[in-house]
Amino acid sequence: MSNSLVRFLDSPAEVIAAETILSETSPESVYALVSDPFRHCELDGSGTVQRQISGPERPSVGDRVTQFMRLYGIPYRISLTVTRAEPNRAFAWRMPTGHTWTWEMESIDEGTLVRETFDASPARFLGLPLAGIFRLNGSFARNRRGIATSLARLHRTLG
């Protein structure tokens, strides 16, 4: 899925990355939104993030955040660990199996370039890589659609 707002990047098979440009939004505004887990449900293009249950409003590297999620109508809770918290540059978290989600932003002449990345390369279960399973169970296709929708929602929210 791609549209005029979102451009998918060439990346390794275990990674999905896309970017967009917000013409009248600062990196500070983007960071304030994506680094606030209480607001992740506003951006989540997959529809799985429902709300934050516990954790700090402004987490730092190493902090854990628990969120209420729903996939295929099945509710569950998941704890994420913040792996990057670079104000106005990047915010990322690791899921329990090791895959990561990263938001990066930078000021450019046209406005703010924002990139969202799903990286399954570090994901493991019992030491076995999970990227192939993610591909087979449809996670890559869902995440690609979700990233496109999340970046479009970012435009509606901040653009």
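The structure we're discussing is the one just above.
## Quick notes on the layout of surface pockets
Okay, step 1: Quantified by volume, the largest pocket comes out at close to 690 Å³.
Okay, step 2: Among the secondary structure elements, those contributing two or more residues to the lining of the largest pocket are α2 (40-43), β4 (64-71), β5 (74-86), β7 (100-108), β8 (111-119) and α4 (139-158).
Okay, step 3: With 6 residues, α4 is the single largest residue contributor to the lining of the largest pocket.
Okay, step 4: The residue inventory of the lining of the largest pocket, partitioned by class, reads 16 nonpolar, 12 polar and 3 charged.

## Overview of empty space enclosed by the protein
Okay, step 1: For the structure shown, the criterion picks out 1 cavity of 30 Å³ or more.
Okay, step 2: Looking at the largest cavity, its volume works out to about 40 Å³.
Okay, step 3: Mapped by element, the contributors of at least two residues to the lining of the largest cavity are β5 and β6 (90-94).
Okay, step 4: Here the lining of the largest cavity takes 3 residues from β5, the largest share from any one element.

About the cut-offs
- Residues numbered from 1 in each chain as written.
- Predicted model: local features only at pLDDT ≥ 70, side-chain atom pairs only at ≥ 80, totals over all residues.
- Heavy atoms only, no water.
- 1 Å grid on protein atoms, 1.4 Å probe; cavity = no way out; pocket = protein on both sides within 12 Å on 5 of 7 lines; lining within 4 Å.
- Points joined across faces, edges and corners; volume = space filled by probe spheres on them.
- Helix = DSSP H or I, 4+ residues; strand = E, 2+ residues; numbered from the N terminus.
- Nonpolar A, V, L, I, M, F, W, Y, C, P; charged D, E, K, R; others polar.

Nothing here speaks to function; it is all geometry.
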